Structure formats: C-alpha cells, structure tokens
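Residue strings, one per chain:
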Amino acid sequence: MKRIQYNQYGGPELMHLDVFELSAPGTGEVAVKVHFAAINPIDWKLRAGQMKLVTGRHFPRAMGMDFSGTVLSVGPGVSRFKAGDAVFGLARFKESGALGEAVVTKETFLAKKPDNVSFKDAACLGTPGITAWNGLMDKATLRPGASVFINGCAGAVGEAAVQIAHLAGASVSGSCSAVDMERMKALGVRNVYDYRSTSLSTIPTRFDAVLDTAASLSVSAGIAMLRKGGVFLDLNPGPGKFIRALFDRRLRPVIGSPRSDILDTVAGAASEGKFSIRVGDTVPLGEAIRLLTELEAGRKIGGKGVIAME
C-alpha cells in the first residue's frame, strides 16, 4: 500500500509517496481502507515538528488526520464496527496516516458513515466537527439562546462551529473575508463582518462565547468581546495561555479530543442535512503532495482540500 510519509521534521520538500505495510489492528483498534482523505493545517504542523514532544522521533512518519473508508478488520475488544462497514473519522494523533490507501485508528475515533452522505463529504467532517464541538459544547457548554461570535467563520472549523452552535440553539455572529459574507449569511450567521475593514473592538454586542478559529485575536481582544460569564475559546494555545487559563476562567484553551459520541452526533446531523463542510478541490493521491504544499503556502480553494485514493 502507499501513503505520504517523511523521514525527518521540516518543510514540504520532505514529503514523499512511499510503500508501507499496514499493521494489524491492536486492542480497540480498526483497520480501514481509505477512500478519501481531507487536508488540515495540523497535517503540516505535525510534519514541521511543532508537536514533536508528543509525536516523538520515530521515522518514517505518516501524514493525514481525516478520512472516510471501509473497515478492513477490527482488533480485540472492538464492538461498534465490523469488516465492510462504511466509516469516517480521524487517525491517531501520534501516528497519523490518513493520507494513504489504508490506516489503523482507534475505535473511538470513528463513526458509521450515513448512507446519504458521500465518502468524499464524510472525509471532511472529523477534525472540524471535533474541534468546534470541543470548544463550543465541552468548554463553553452552550445553551439555547446563547450568543456566539466566530472569528474566521468561513473556514472549515468556523463553518463547523456555526452549524454546531445552531444545533445547540445559539445565535451566531462572525467575521470572514468579503467574498464569503453572503455564503455565511445563507448558513445562518446573523451579523457578518469583513475582517479586513472591521475592527472587532468596535462591535458593540457582547457574547457568551467567542471562538477564534482564525488564531488572529489576542487574548485581551477576545475577552473584551465577552459579556459577564462568557468565555474566550483559543484554538492556538501555548504554555503561557495554559498558565493564564488557570487564573482567568474566561480563557479556555481548546485541544482537539476525538470521541465517538461527538462523531456520532456529527454523523446524525450530517444525515439530516444540518452539518456539512464545503469541498474546495479534489485530487488523486499522486497529486496530494502538490496540493498540500500549495495549501501550506497559503493557496485559497474555497473549501477543503480532499485526496481521492482511487
């Protein structure tokens, strides 16, 4: 089988398509034949070594987190899936491997793909859905009637957050580029601001939760947008922010933590037409390195970059 790998931490030139042998799934693990994989910024952040304290120094390392496919086999103790099931979800964080023809992951990192959702669309749901849920539901505990501001609402996590906030019964405002404003209004964002021409400090409304998916707000700017009891959700936390959060409950660092209950909820919402992530470009595995490199360099494609394995 083939997958995208790298033999040391560093830049995009280190990626190569290589042959590998799929390991047998261990206890609580599932082997999946990948049909489609979706690209996320975390893919190149891991390859660059930004999280090597977690991922370690064993090479070669595989790339890719989000995928959809068909179960090949299951390890001991797996009860939710069997060979032949159509699934979507996330690879294991440390091992990655979604950008390849097959991957082994945890049972709890998967959900069954709804029959009325394509494999291509399902591949895009994992990381955006998990991240937005971890922030809005796990950290902010949104309730019906709450007000949310999403900085970067047109990106994949932002788009997911808009839909999850609506599922929770919250009202949503947000910022994005001018070209995406009408699309976000159609998605139900009540007040949409052009981030290039609007200083968020001038917005008079205060919110129960501010989610910074664009990683462009300072902690002080985010907290200034909150009403009493509100929380600022930071998706780009470092050691300093974790320490600050110990003393300031308004700051809530968010680390993506996949769970089967979240993925099952996302699957149900997708089946009902209430959750989806826009696809921007789809290429075969042989062109994946080119697309990854272009996206890392800042190319905008209006949605998710998706890799087709067949």
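For the structure itself, consult the block above.
The residue numbers shown here count from 1 along each chain, following its written sequence. Totals for whole chains, interfaces and linings use every residue, but because this is a predicted model, local features are given only for residues with pLDDT of at least 70 and side-chain atom pairs only at 80 or more, for both listing and counting. Side-chain numbers come from the whole structure's heavy atoms, not from hydrogens or water.

1. With respect to the overall build of the protein
1) Next: Numbering goes from the N terminus for both helices and strands, where a helix is a DSSP run of H or I of at least four residues and a strand is a run of E of at least two. The secondary structure content of the protein amounts to 10 helices and 16 strands.
2) Next: A compact globule built from 310 residues would reach a C-alpha radius of gyration of about 19 Å, and the protein, at 19 Å, matches this within 12%.
3) Next: If you line up the protein on its principal axes, its C-alpha atoms span 55 × 40 × 40 Å.
4) Next: Classification of the 310 residues of the protein by burial places 52% in the buried group.
5) Next: The criterion used for residue contact is that any of the two residues' heavy atoms lie within 4.5 Å. A separation threshold of at least 6 residues defines the contact pool for the protein, and within that pool the share at least 24 residues apart is 67%. This radius of gyration counts C-alpha atoms alone. The globule rule is 2.2 Å times how many residues there are, raised to the power 0.38. Burial classification: accessible surface area is computed with a 1.4 Å probe over protein chains only, and a residue below 20% of its type maximum counts as buried, one above 50% as exposed, and the rest as partly exposed.

2. A closer look at the packing of helix α4 (residues 126-139) against helix α9 (residues 260-271)
1) Next: Between α4 and α9, the least distance of the axes is 10 Å, while the angle of their chain directions is 110 degrees. Classified by the interaxial angle, the pair formed by α4 and α9 is roughly perpendicular. Residue-level contacts link Gly126, Gly129, Ile130, Trp133, Asn134 and Asp138 of α4 to Ile262, Leu263, Thr265 and Val266 of α9.
2) Next: Each residue gets one of three labels, nonpolar for Ala, Val, Leu, Ile, Met, Phe, Trp, Tyr, Cys and Pro, charged for Asp, Glu, Lys and Arg, and polar for the others, Gly among them. Tallied by class, residues from the contact of α4 with α9 come to five nonpolar, four polar and one charged. Between N-to-C directions, angles span 0 to 180 degrees; the directions come from axes that are lines fitted to C-alpha atoms, helices contributing only their stretch in contact. Note on angle classes: values under 35 degrees are labelled roughly parallel, values over 145 roughly antiparallel, values of 65 to 115 roughly perpendicular, and the remainder oblique.

3. Focus on the packing of aromatic side chains
1) Next: Each pair of aromatic rings taken from Phe, Tyr and Trp, with Trp reduced to its six-membered ring, is defined by centres within 6.5 Å and is described as stacked if the planes are under 30 degrees apart, edge-to-face if over 60, and tilted in the remaining cases. Scanning the entire structure with this criterion turns up five aromatic pairs.
2) Next: Relative to phenylalanine 59, the ring of tyrosine 6 has its centre 6.3 Å away and its plane inclined at 65 degrees; by these criteria the two rings are edge-to-face. Taken together, the residues span a long stretch of sequence, with tyrosine 6 in strand β1 (residues 2-6) and phenylalanine 59 in the loop between α2 (52-55) and β4 (61-62) at a distance of 53 residues.
3) Next: Between phenylalanine 149 and tyrosine 193, the aromatic rings sit 6.3 Å apart at their centres with planes inclined by 35 degrees, giving tilted as the arrangement. Of the two residues, phenylalanine 149 is situated in strand β9 (residues 147-151) and tyrosine 193 in strand β11 (residues 191-194); the sequence distance between them amounts to 44 residues.
4) Next: For phenylalanine 149, a relative accessible area of 0% gives the class buried.
5) Next: Members of the aromatic cluster, each reached through a chain of ring pairs, are Tyr6, Tyr9 and Phe59.

4. Section: the environment of lysine 94
1) Next: Of note, lysine 94 is situated in the loop between β6 (86-90) and β7 (102-106).
2) Next: Taking the C-alpha atoms as reference points, lysine 94 and isoleucine 255, separated by 161 residues in sequence, lie 14 Å from one another.
3) Next: Beyond its immediate chain neighbours, meaning those up to four positions away, lysine 94 contacts Val54, Thr55 and Arg61.

5. A look at the packing of α4 against helix α5 (residues 156-167)
1) Next: Axis separation between α4 and α5 bottoms out at 8 Å; the angle between their running directions is 55 degrees. Of the possible angle classes, the one that applies to α4 and α5 is oblique. Here α4 runs over α5; the crossing is right-handed. Of the residues in α5, those touching α4 at Pro128, Gly129, Thr131, Ala132, Trp133, Leu136 and Met137 are Ala156, Val157, Ala160, Ala161, Ile164 and Ala165. If you view the pair so one helix is near and one far, a crossing is left-handed when the near helix is turned anticlockwise from the far one by less than a right angle, and right-handed when it is turned clockwise.

6. Brief notes about the pattern of salt bridges
1) Next: What makes a salt bridge here is a side-chain nitrogen of Lys or Arg within 4 Å of a carboxyl oxygen of Asp or Glu, nothing more. Taken as a whole and judged by the stated rule, the model has 19 salt bridges.
2) Next: A salt bridge links arginine 183 to glutamate 159; the nearest nitrogen and oxygen atoms lie 3.5 Å apart. Within this pair, whereas arginine 183 is found in helix α6 (residues 181-186), its partner glutamate 159 is found in helix α5, the two being separated by 24 residues in sequence.
3) Next: Each member of the salt-bridge network shares a partner with another, and the members are Asp281, Glu287, Arg290, Glu294 and Arg299.

7. Notes on the pairing of strand β10 (residues 171-176)
Looking down a regular strand, the side chains alternate between one sheet face and the other.
1) Next: The element β10 is extensively covered by neighbouring structure, given that five of its six residues are classed as buried.
2) Next: Pairing between strands requires that DSSP locate at least two bridges from one strand to the other. Of the strand pairs in this sheet, β9 and β10 are connected by five bridges, and their pairing is parallel. Residue pairing for β10: phenylalanine 149 is matched across the bridge by serine 173.
3) Next: Handedness of a crossover: with both strands directed away from the viewer, a clockwise path from the first strand across the helix to the second marks it as right-handed. Where the polypeptide runs from β9 across α5 and back to β10, its parallel neighbour, the crossover connection is right-handed.
4) Next: Read from β10 through α6 to β11, the crossover connection turns out right-handed.

8. Some details on the sheet that holds strand β14 (residues 251-253)
1) Next: Strand order in the open sheet made by the six strands is β11-β10-β9-β12-β13-β14, with parallel pairing throughout. Two strands bound the open sheet, and with one partner strand each, they are β11 and β14. The average angle at which neighbouring strand axes cross in this sheet is 15 degrees, direction not considered.
2) Next: Across the sheet, α5 is in contact with β9, β10 and β12 (207-212); its angle to β9 comes to roughly 175 degrees.

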